[in-house]
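Examination of the molecular architecture
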There are 2 protein chains.
Amino acid sequence: MRLREKLKLYVITDRKLCGDEVKCVEAALRGGATSIQLRLKEAPTSEMVEIGKKLRRLTRDYDALFFVDDRLDVALAVDADGVQLGPEDMPIEDARRIAPNLIIGGSVYSLEEAIAAEKAGADYLGAGAVFPTGTKKDSYVKIIGLDGLRKIVETVKIPVVAIGGIKPENAEEVLKIKGVAGIAVVSAVMGAPDPEEATRKLRAIVDKYLG
Amino acid sequence: MRLREKLKLYVITDRKLCGDEVKCVEAALRGGATSIQLRLKEAPTSEMVEIGKKLRRLTRDYDALFFVDDRLDVALAVDADGVQLGPEDMPIEDARRIAPNLIIGGSVYSLEEAIAAEKAGADYLGAGAVFPTGTKKDSYVKIIGLDGLRKIVETVKIPVVAIGGIKPENAEEVLKIKGVAGIAVVSAVMGAPDPEEATRKLRAIVDKYLG
């Protein structure tokens, strides 16, 4: 059950909101993030690996899990716990074959995608967008709402983390859905004036529901 | 010696010059390319994997080696023979640790980089730019000239493929350097009106010197 527990407060980096991933991740970890994901699209691989190694050390110090978005090569190079794969990333089956010991998260935007990702071998799902979000503008991102999230949680057996527009004001609605493993946030932490305090506030809400 | 032999005519894709990698690679293989490299920077990973799998099948059919530029994850997913790593890609040491059985090529732009890449565990080098090139505009690309290439070939023990602005008109100057394993081209094939014929012409020159 360690994976499920560690998914309860999952914080994702965003260079546009916080240019210094190491600083903002450390603040999030001090505030109580239980998982960190490096999401860095337009940087050379060498830079991803360099930052990833720093985040790997930090997440170990704070006993948090560390994931890399999209890039299985970077996840392996920095000894991350896992990789997060969406519709435009490597197929989950390929990733599982290459890296049998890595935790694989699937990003899903519908019940159908959730079922397919579980079948393909995902260990957990990031399901959304629960609320409208300004962070991810890719065409495949759809708003599934609280109802869409509930259906996914009720259908799959693997842990489901809710993502998309979640902030202190709406986090409780999400966490009231029975079986949700946790919440994932980008701008609520990375765009906050004080990322540590923002994380602490979210953690207090999460702990009310997920103990 | 199979690796060295297969490096003699190394053709690299370029979406800006040829938007249909599968079609142009097949033409290059018909024309006699002995190695193919997929170089695709700004595409989703899912697309890289999809195209990579097609190029893997083609290169097997033509008994050519298949390499992926930068992306070790894609190389592993499509069962490529190797990966090509430059100064802004994953460190060679990390790649070697993750994928001990993959052929690793190092892209080097000076004698110092060549020595370092060999020491780090590269199986072969792509050394350049021998001549000015319009393809790679990254700031780390330097013109080493024929003299720079000769020094690298004389110094390292691993095979060295010459790259950068090579075309039928200047290929012989490169191949006259004793010990050069082969030539790598982008625009001479991908930008040619008839990529198959362009490759065939280069192959005839290569075979004159490398048998």
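Located above this text is the structure these notes cover.
Here goes a summary of the coordinates provided. (Residues numbered from 1 in each chain as written. Chains lettered and ligands numbered in written order. Predicted model: local features only at pLDDT ≥ 70, side-chain atom pairs only at ≥ 80, totals over all residues. Heavy atoms only, no water.)

**A word on the layout of surface pockets**
One number sums up the size of the largest pocket: a volume of about 1,500 Å³. As for the largest pocket, its lining consists of 47 residues, and the residues nearest its centre are Lys41(A), Glu42(A), Ala43(A), Lys41(B) and Glu42(B). Lining the second largest pocket are 32 residues; nearest its centre among them are Thr133(B), Ile163(B), Gly164(B), Gly165(B) and Val186(B). Elements represented by at least two residues in the lining of the second largest pocket include exactly β1 (9-12), β6 (124-127), β7 (160-163), β8 (182-185) and α9 (187-190) of chain B. Its residues assigned to classes, the lining of the second largest pocket shows 15 nonpolar, 12 polar and 5 charged. (1 Å grid on protein atoms, 1.4 Å probe; cavity = no way out; pocket = protein on both sides within 12 Å on 5 of 7 lines; lining within 4 Å. Points joined across faces, edges and corners; volume = space filled by probe spheres on them. Helix = DSSP H or I, 4+ residues; strand = E, 2+ residues; numbered from the N terminus. Nonpolar A, V, L, I, M, F, W, Y, C, P; charged D, E, K, R; others polar.)

**Side note on the interface of chain A and chain B**
Quite often, the size of an interface is put as the accessible area lost when its parts meet. Each side of the interface is counted separately: chain A has 20 residues, and chain B has 20 residues. Taking both partners together, chain A and chain B bury about 1,500 Å²; carbon and sulfur atoms supply 56% of that area. Per-residue buried area on chain A facing chain B is highest for Asp73(A), Glu88(A) and Met90(A); these three make up 28% of the total on that side. Our count for the contact surface shared by chain A and chain B stands at 10 residue pairs in polar contact (both at pLDDT 80 or more). Counting residues per element, the side of chain A that touches chain B draws most heavily on helix α4 (residues 72-77) of chain A, which supplies 5 residues. For the side of chain A that touches chain B, the class distribution of residues is 10 nonpolar, 2 polar and 8 charged. (Contact = heavy atoms within 4.5 Å. Buried area = accessible area lost by both parts, 1.4 Å probe. Polar contact = N/O pair within 3.5 Å; in protein donor to acceptor, adjacent residues only side chain to side chain.)

**Looking at unusual backbone geometry**
Residues and elements named next belong to chain A. Each neighbour pair has its own omega, and for Gly128 with Ala129 the value is 0°, a cis peptide bond. With respect to the helices and strands, Ala129 occurs in the loop between β6 (124-127) and α7 (145-155). Although it is not a glycine, Asp70 sits at a positive phi angle of roughly 70°. Look at Asp70 and you get buried, because its relative accessible area is 8%. (Buried < 20%, exposed > 50% of the residue type's maximum accessible area, 1.4 Å probe, protein only.)

**Observations concerning the packing of helix α2 (residues 21-31) of chain A against helix α3 (residues 45-61) of chain A**
All names here are of chain A. Relative orientation of the contacting elements α2 and α3 amounts to 15°, with a least axis distance of 10 Å. Here α2 is positioned roughly parallel relative to α3, judged by the angle of their axes. In the packing of α2 onto α3, the handedness of the crossing is right-handed. Residues Glu21, Val22, Val25, Glu26 and Leu29 of α2 form the contact with α3, whose own contacting residues are Ile51, Lys54, Leu55, Leu58 and Thr59. When the residues that make up the contact of α2 with α3 are grouped by side-chain class, the tally is 6 nonpolar, 1 polar and 3 charged. (Axes fitted to C-alpha atoms, helices over the stretch in contact; angles between N-to-C directions. Parallel < 35°, antiparallel > 145°, perpendicular 65-115°, else oblique. Left-handed = near helix turned anticlockwise from the far one by under 90°.)

**A few points about the environment of Asp20(A)**
Residue and element names in this part refer to chain A. If you trace the backbone, Asp20 turns up in the loop between β1 (9-12) and α2. A residue is classified by how much of its surface remains accessible, and Asp20, at 39% relative accessible area, is partly exposed. Spatially, the C-alpha atom of Asp20 lies 26 Å from that of Leu102, the residues being 82 residues apart in sequence. Side-chain polar atoms of Asp20 contact the backbone nitrogen of Lys23, separated by 3.1 Å.

**Side note on helix α2 (residues 21-31) of chain B**
All names here are of chain B. Among the residues making up α2, those that are buried are Glu21, Cys24, Val25, Ala27, Ala28, Leu29 and Gly31. For α2, the elements touching its buried residues are β1, β2 (35-38), α3 (45-61), α9 and α10 (195-210). Just beyond α2, the residue with positive phi is Gly32, at close to 115°.

**Description of the pairing of β6(B)**
Residue and element names in this part refer to chain B. Judged by which residues are buried, β6 turns out to be covered on both faces: Tyr124 and Gly126 on one side and Leu125 and Ala127 on the other are all buried. As paired elements, strand β5 (residues 103-108) and β6 share 4 bridges and run parallel to each other. Bridged to Gly106 within β6 is Leu125. Handedness of the β5-helix α6 (residues 111-120)-β6 crossover: right-handed. Relative to β7, β6 is paired through 3 bridges, and the arrangement is parallel. Paired with Leu125 across the strands is Val160, a residue of β7. In this view, the connection linking β6 to its parallel neighbour β7 by way of helix α7 (residues 145-155) has right-handed handedness. (Pairing = 2+ DSSP bridges. Right-handed = clockwise from strand over helix to strand, strands pointing away.)

**Quick word on the state of the cysteines**
Residues and elements named next belong to chain A. The tally for this structure, following the rule as stated, stands at 2 disulfides over all chains. Paired by a disulfide, Cys18 and Cys24 hold their sulfur atoms 2.0 Å apart. The sign of the 95° torsion about the S-S bond sets the Cys18-Cys24 disulfide as right-handed. Overall, the relative accessible area of 8% leaves Cys18 in the buried class. Note on Cys24: relative accessible area 9%, which makes it buried. (Disulfide = S-S within 2.5 Å.)

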